[in-house]
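# Architecture at a glance
Spelled out from the first residue to the last, the chains are:
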Amino acid sequence: MKKFKEELKLDFDDVLIEPCKSSETLTRKSVDIEIDWLDTTTCPVAISNMVSTGTYKMANIATNMHVLTFLHKEYTAEEHLANLANLADRRYIAITSGVQPWDIKKTIEVFTAYPDIGMINVDIANVYANVEGMKRTIAEYRKRFPHAQICAGNIATPGLIKELVSAGADYVKVGVGSGAACKTRSEVGVGIPQVSAVLDCAFEAESHGAKVISDGGCVTAGDVCKAICAGANIVMIAGMVSKCEECDNVIEIDGKKYVNFYGLGSTKMYNLTSPTEQEYRPNEGRDLLIPVKGPLKAVLSQVQGGLRSLCTYIAVSYTHLRAHEPPEQRGWRGGGGKKKGGGGGGG
């Protein structure tokens, strides 16, 4: 007989971060929120590889703020190469790949031409259903590009981390069902509350020398702070930037502009990429019209400001912000309260 797991699982709404006294004077200006990245540093925030947000237009802005952009998978090799020729600094982007032969061929072509690209992001809809395909693809990239940073995802439990890291992954992307445009939790009933998923996966990843990217569920800058405190090295956002005027898929209705923001598991995405396979797939993604409101820079500045302020509240410089204790030993304040709105990551 199947049993329910009894341990408490927490989402961003369920926790708050407890402040503590600093032994030295801290200001938002004095704290350092950047982390090591290749031969430079980066803000620990990444724009998601959703079709509307993971674009070169967004990357050109984010790069100047030392924020990462995970480019969406629908770019052709020719489109990548044309855009990369005009990108000032390629260290702040990730090229997204699936596990199909054409995905691998395209990524090899692009990464060979521009080996200073920051990361290869191996991303499929359901890692649990194709672990061997993920491992083969990661191993292929690791063999061809020994110096490359490789990210694998998405998962929500620590059990697969050892296999993915052994295949060659440096980062593991964590989050199933938590994204703004994702309906996996409601339509399939699958998922793990994001704070607990990050807590568990970060501890396991660290034990294997890997790092974690929290993907999904962030509605506010405070949620980004909570993900970092839970153990994420980088936090991926999509819903938070899906309203920005620089997004792709902006349409006009009755004189008002909207971003057509849709999940990677949505019917709309299936129509674009795999129309013959729809009879086997449920609609696991939302198809949203989000009113355009403001520039990307404003959203990213708010997130960066939130991280700076967090450091001053909990008496740390940024490099010491992440928790390293086992999940059961980390302290949180419960009762975060419910927020309005959807989550913020890939579907």
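Residues numbered from 1 in each chain as written. Predicted model: local features only at pLDDT ≥ 70, side-chain atom pairs only at ≥ 80, totals over all residues. Heavy atoms only, no water.

## Overview of the overall build of the protein
Helix and strand counts for the protein come out as 10 helices and 15 strands. The buried share among the 347 residues of the protein stands at 52%. For the protein, contacts bridging at least 24 residues in sequence account for 70% of all contacts bridging at least 6. Here the protein displays about 16200 Å² of accessible surface, and carbon together with sulfur accounts for 51% of that area. (Helix = DSSP H or I, 4+ residues; strand = E, 2+ residues; numbered from the N terminus. Buried < 20%, exposed > 50% of the residue type's maximum accessible area, 1.4 Å probe, protein only. Contact = heavy atoms within 4.5 Å. Areas by Shrake-Rupley, 256 points an atom, 1.4 Å probe, with all protein chains shown as cover.)

## A short note on the sheet that holds strand E11 (residues 234–237)
Reading around the circumference, E4-E5-E6-E7-E8-E9-E10-E11 is the order of the eight strands in this closed barrel, with parallel pairing throughout. The average angle at which neighbouring strand axes cross in this sheet is 25°, direction not considered. Across two bridges, the pairing between strand E4 (residues 45–47) and strand E5 (residues 68–71) is parallel. Counterpart to Ala46 in the pairing with E5 is Leu68. With respect to the sheet, helix H1 (residues 56–64) is in contact with E4, E5 and strand E6 (93–97), its orientation differing from that of E5 by roughly 165°. Across the sheet, helix H3 (residues 101–113) lies against E6 and strand E7 (119–123), angled at about 155° from E6, the strand it touches most. (Pairing = 2+ DSSP bridges. Axes fitted to C-alpha atoms, helices over the stretch in contact; angles between N-to-C directions.)

## Some points on the confidence of the model for the protein
Across the protein, the average pLDDT comes to 86, with 80% of residues at 70 or higher. Segment residues 335–347: pLDDT under 50, and 52 contacts once partners within four positions in sequence are set aside and those in other chains are kept. (pLDDT = per-residue confidence, 0-100.)

## Topic: the side chain of Thr69
Mapped onto the secondary structure, Thr69 falls in strand E5. For Thr69, a relative accessible area of 0% puts it in the buried group. If sequence neighbours within four positions are ignored, Thr69 has contacts with Ile47, Gly54, Thr55, Met58, Ala59, Ala62, Tyr92, Ile93 and Ala94.

## Topic: the pattern of salt bridges
A complete count under the given rule lists 11 salt bridges for this structure. The salt bridge involving Arg90 is made with Asp116; its shortest N-O contact spans 3.2 Å. Of the two residues, Arg90 sits in the loop between helix H2 (77–84) and E6 while Asp116 sits in the loop between H3 and E7, which places them 26 residues apart along the sequence. Close ionic contact of Lys173 with Asp215 constitutes a salt bridge, the shortest N to O distance being 3.2 Å. Placement of the pair is Lys173 in strand E9 (residues 171–174) and Asp215 in strand E10 (residues 211–215), with a sequence separation of 42 residues. You can call Lys173 buried: its relative accessible area is 0%. Each of Glu7, Lys9 and Asp200 takes part in one network of salt bridges that share partners. (Salt bridge = Lys/Arg side-chain N within 4 Å of Asp/Glu carboxyl O.)

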